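# Overview (structure and organization)
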Amino acid sequence: MKFKSAIKPYRAAAGGWGSLEATTRFVIDSKHALKNLRNLMRMNKARGFDCPGCAWGDDNKSTFSFCENGAKAVTWEATRRFIDQQFFAQHSVSKLYAQSDYFLEYQGRLTEPLRYNARTDHYEPISWDDALALIAQHIHGMDNPNQLELYTSGRASNEASYIYQLFGRMVGTNNFPDCSNMCHEASGSGLKRSIGVGKGTIQLDDFDKANAIFVFGQNPGTNHPRMLHSLRHAAENGAQIVTFNTLRERGLERFADPQKPLEVIAPLAGSISTHYYQPNLGGDMAAVRGMAKALLETHRECLARGDKGIFDEWFIAEHTHGIDDWFAEIDKTAWEHITRQSGLSEQQLRDAAAIWQQAERVICTWAMGITQHKHSLNTVREIVNLQLLGGHLGKPGAGLCPVRGHSNVQGNRTMGIDEKPSAALLDSLSAHFGFKAPREKGHNTVEALAAMLRDEVKVLIALGGNLAAAAPDSPRTEEALRRCGLTVHISTKLNRSHLVPGRDGLILPTLGRTEADIQATGRQFITVEDSFSMVHASEGIGQPIADTQRSETAIVAGIADAVLGKDKLNWQAFADDYNLIRDRIAATIPGFQNFNQQCEKPGGFYLGNAAAQLRFSTPSGKAEFSAAALPASLFGDLDAPFALQTLRSHDQYNTTIYGLDDRYRGVYGQREVLFIHPDDLAGLGLQEGDLVDIETVWNDGITRKVSGFKIVSYNIPRGNLAAYYPETNPLVPLASVGDGTGTPTSKSVPVKISRSALKTNNRIA
């Protein structure tokens, strides 16, 4: 497959004709256009299936409830291409390893269980019974339960996740590394410490009621495009949209609704951001601190004049704790420190503060641009601090909104996929199922990889995902996977992780979200939870490509039955009837009473949020102000000339590469590019299109370097760089993680760049 490469600015708005054209192209390329058009009409609808992409909520109003990237996710999954034993007989694992990530997944759906043969370096067919027996054999051969790692992708349903965590805890481990460890851990941990609940406090319709929306560190045009509809509606209702994002992103500037015919055929678009600030990578905490400092000065000036202050004094007194310590920390923070670290001027931050001050109802929303830094937890808490000043919790049109990535990553955590589970969850499971749940903290993703490198892991089971491509420090991650006794990947398509198997390896083919799930008691549905704590039923409609594929729920139940038997539970009954799983969830997880009955509600049901009701499960019983100091330096004593962030292209979702274009950033037919400020480019004596090597500045003696990246001038602050992952994941040190989160610092990697010895880059095919 060859692609025409080019760098050319994209002048149009996000959405519009470009989005419609791209959607049509992917539907046709799926080789089953009519089927996928029918699929798209049922996506995010009652008695339909939930989008397998992002976790944005459904408004249940639109005729077409999908976006361009949701359509890509559906058509990518529902392709009629497939690979079978003939394909694997022709291609060794070593040969496949040399191919691109795009090539691997483009081959089509996995259709039968496969076992790695280390002697021949090929995957070979294995029966389901033999595959499950092999897993049981390896687990029974472990020295202790903590030699088992149970990884989970955010795609997994509530039902599959629930019995997966139950299985692991009955084996005796809390080792549940998951994709949330690598993305929004700072959101969950920071919110829990500040307000007692690790989720956002708003519902989707709050966007229509807000006076101001502050958008931190996210690019919804690519990562969650349906959010642009909500932002545009809010702007049309008069809300000020204030964006803090290091790169200038088209989706945060202008948006043409592809569901409005006039905006498709005419150059019409609505503005999104009324103010757009570009902080340094890692500078958002300093930016929020600057806003707070400006607001505190104004508040004190009002009080000195005998006027009423600008903060919600009643809310602060009644519902918060610790404000004096935070104010003392603000007073100690110099403006020079704030402006240097944020990269924004004092006047810019005062202007942003004035917008917040004038708004009666404020929403703060953020994503991974906030959560993948060393000090991310404190950044999230600083955003919460700002909202507490104005009492922007518990009222319509105001609150906190972390925008999750994968479609059920929040639901996974609700179901108990958590390496540090609450005592309440463990007590509930133990009492209901009659076993002693383990209490020892388990491994997060980085800790699991470190344990593999120490040869402490005998079995890895991955419920979805692509750990080798998603995790940092790629060569070390791949080495970690190869050290396992057995790796088991439950997958829809071939991916990078399958090509670095343990000493023994299995691939188990699973159904996708779009496909009908028929079990012994008939057609089944699953459920997912979105970013707004809404739980939706999801029922696939497409015919599976092969009868040898099994649902994730059935696979997990089969593994549990093979390992644990039927002494305590009839696992097969769970696979036969998912209603039985939901009955157990209702009995053990708060908020899911009458779960099966609630699933009948069109549009789903709301789990509720205690903090939104001004009930705070914190030590003080109130919302806690955080008094963390700004970091003295983002990179400590490391002397790095640049900070790099890894990010997605527009033809990408997480590690899935749908194509090689990044339309909104003007990149076509290639991925190994490096975005840089034009003055930095000139200062290095380089020209647009030159090839460079990128090397991490770190202190552990390991060289981390990628080569042959094409320089592209972009609207990004000086000293800041951006490039796509997984291509630049090798640059992120495994030990570089967020304080209190364990999340890789993929949005602030200290690097240096140099002219490459390569003359051409041929790796775009």
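What counts and how
Residues numbered from 1 in each chain as written. Predicted model: local features only at pLDDT ≥ 70, side-chain atom pairs only at ≥ 80, totals over all residues. Heavy atoms only, no water. Helix = DSSP H or I, 4+ residues; strand = E, 2+ residues; numbered from the N terminus. Rg over C-alpha atoms; globule rule 2.2 N^0.38 Å. Buried < 20%, exposed > 50% of the residue type's maximum accessible area, 1.4 Å probe, protein only. Contact = heavy atoms within 4.5 Å. Areas by Shrake-Rupley, 256 points an atom, 1.4 Å probe, with all protein chains shown as cover. Salt bridge = Lys/Arg side-chain N within 4 Å of Asp/Glu carboxyl O. Core = buried A, V, L, I, M, F, W, Y, C linked by side-chain atoms within 4.5 Å. Pairing = 2+ DSSP bridges. Axes fitted to C-alpha atoms, helices over the stretch in contact; angles between N-to-C directions. Parallel < 35°, antiparallel > 145°, perpendicular 65-115°, else oblique. Nonpolar A, V, L, I, M, F, W, Y, C, P; charged D, E, K, R; others polar. Phe/Tyr/Trp six-rings, centres within 6.5 Å; stacked < 30°, edge-to-face > 60°. Lys NZ or Arg CZ within 6 Å of the ring centre and 35° of its normal. Left-handed = near helix turned anticlockwise from the far one by under 90°. Polar contact = N/O pair within 3.5 Å; in protein donor to acceptor, adjacent residues only side chain to side chain. Arc of directions from axis to C-beta. Disulfide = S-S within 2.5 Å.

This part is about the overall build of the protein. Within the protein one finds 29 helices and 33 strands. What you see for the protein is a C-alpha radius of gyration of 25 Å, in line with the 27 Å of a compact globule of 765 residues. Referenced to the eigenvectors of the C-alpha coordinate spread, the extents of the protein come out at roughly 80 × 65 × 55 Å. Residue burial in the protein is summarised as follows: out of 765 residues, 66% are buried. Across the protein, contacts joining residues at least 24 apart in sequence account for 79% of those joining residues at least 6 apart. Accessible surface for the protein amounts to roughly 26900 Å². Of this, 50% is attributable to carbon and sulfur atoms.

A few words now on the pattern of salt bridges. As enumerated under the stated definition, the model contains 40 salt bridges in all. Two residues, R350 and E297, come together in a salt bridge whose shortest N-O distance is 2.7 Å. Separated by 53 residues along the polypeptide, R350 in helix α17 (residues 346-358) and E297 in helix α13 (residues 284-304) bring together distant segments of the chain. Among the residues examined, R350 registers a relative accessible area of 26% and is labelled partly exposed. In this structure, D690 and R755 form a salt bridge, with 3.3 Å as the shortest nitrogen-oxygen distance. Taken together, the residues D690 in the loop between α29 (678-683) and β30 (691-696) and R755 in strand β33 (residues 749-755) connect sequence positions 65 residues apart. In this structure, a network of salt bridges that share partners links the residues D178, E185, R413, E419 and K420.

What follows covers the nonpolar core. As a rule of thumb, soluble globular proteins bury nonpolar side chains together. Within the largest apolar cluster, 61 residues are counted, with the highest numbers of intra-cluster contacts made by I135, I461 and W571. Among the nonpolar cores identified, the runner-up in size contains 54 residues, and M291, I323, V362 and L386 belong to it.

Counting buried positions along strand β32 (residues 720-724) gives five out of five residues, so the element sits mostly inside the fold. Of the two faces of β32, the one carrying N720, A722 and Y724 and the one carrying L721 and A723 are both buried. Both strand β25 (residues 642-647) and β32 contribute to a ladder of five bridges, which runs parallel. By the bridge assignment for β32, T646 is matched with A723.

This brings us to the sheet that holds strand β6 (residues 122-125). Pairing between the strands of a sheet comes from backbone hydrogen bonds, and it takes one of two forms, parallel or antiparallel. Strand order across the open sheet formed by six strands is β6-β5-β18-β17-β16-β7, with mixed pairing between neighbours. Looking at strand neighbours, the two that pair on one side only are β6 and β7 (148-152), the edges of this open sheet. Here the strands of the sheet are splayed against their neighbours by 20° on average, with no regard to which way each runs. Where strand β5 (residues 114-117) lies against β6, four bridges are found, and the strand directions are antiparallel. Among the inter-strand pairings, N117 is bridged to a residue of β6, identified as H122. Strands in contact with helix α8 (residues 158-171) are β7 and β16 (459-463); relative to β7, the strand with the most contacts, it is inclined by about 170°.

Quick look at the environment of R155 now. Mapped onto the secondary structure, R155 falls in the loop between β7 and α8. Considered as a pair, R155 and T741 are 586 residues apart in the sequence and their alpha carbons are 21 Å apart.

Looking now at the packing of helix α16 (residues 335-342) against α17. Relative orientation and spacing of two packed helices are given, respectively, by the angle between their axes and the distance between those axes. Put simply, α16 and α17 touch, their axes get as near as 10 Å, and they point 90° apart. Our classification of the angle between α16 and α17 gives roughly perpendicular. Across the interface between the two elements, W335, I338, T339 and S342 from α16 touch E346, L349 and R350 from α17. Its residues placed into classes, the contact of α16 with α17 shows three nonpolar, two polar and two charged.

Let us look at the sheet that holds strand β15 (residues 399-402). Strand order across the open sheet formed by five strands is β12-β9-β8-β14-β15, with parallel pairing between neighbours. With partners counted over all chains shown, the strands left at the sheet margins are β12 (275-277) and β15, one partner each. Shown here is a sheet whose adjacent strand axes are inclined to one another by a mean of 15°, direction ignored. Where strand β14 (residues 362-366) lies against β15, four bridges are found, and the strand directions are parallel. Bridge assignment links C364 to a residue of β15, and that residue is L400. Where helix α19 (residues 376-389) meets the sheet, its contacts fall on β8 (212-216), β14 and β15, and the angle it forms with β14 comes to roughly 175°.

Now for the packing of aromatic side chains. Per the stated rule, a full pass over the model turns up 19 aromatic pairs. Summarising the aromatic geometry, the rings of F675 and Y724 are spaced 5.8 Å apart at their centres and angled 80° between planes, so their arrangement reads as edge-to-face. Highlighted residues: F675 in strand β29 (residues 673-676) and Y724 in strand β32, separated in sequence by 49 residues. Looking at F675, the relative accessible area reads 0%, which means it is buried. Classification of Y724 by relative accessible area gives buried; the value is 1%. The structure contains a cluster of three or more aromatic residues connected by ring pairs, namely F87, F88, Y116 and Y123. Taking NZ or CZ as reference, R248 lies 4.1 Å from the ring centre of Y276, over its face. Residue placement shows R648 over the ring face of Y653; its charged tip is 4.3 Å from the ring centre.

Moving on, we get to the packing of helix α9 (residues 185-195) against α19. For the pair α9 and α19, interaxial distance at closest approach is 8 Å and the crossing angle is 50°. Judged on the interaxial angle alone, α19 and α9 are oblique. When you trace α9 past α19, the crossing you get is right-handed. Residues A186, S187, S189, G190, L191, R193, S194 and I195 of α9 pack against S376, L377, V380, R381 and V384 of α19.

On to the side chain of R665, then. By the element assignment, R665 lies in the loop between β27 (656-657) and β28 (667-668). A relative accessible area of 7% means that R665 is categorised as buried. One polar contact links the side chain of R665 to the main-chain carbonyl oxygen of R648, over a distance of 2.8 Å.

Our next topic: helix α27 (residues 578-588). Of all the residues in α27, the buried ones are Y578, I581, R582, I585 and T588. Considered in projection along α27, the buried side chains sweep an arc of 130° and stay on one side of the axis. Capping the start of α27 is the job of one residue whose side-chain oxygen sits 3.0 Å from the backbone nitrogen of N579: D577.

Our focus in this paragraph is the state of the cysteines. Across all of its chains, the model carries zero disulfides by this definition. With no disulfide of its own, C183 has C179 as its nearest cysteine by sulfur position, at a separation of 5.4 Å. Looking at the unpaired C364, the closest cysteine sulfur is the one in C401, lying at 10 Å. The exposure class of C364 is buried, given its relative accessible area of 0%.

By themselves, these are just geometric observations and shouldn't be taken as functional.
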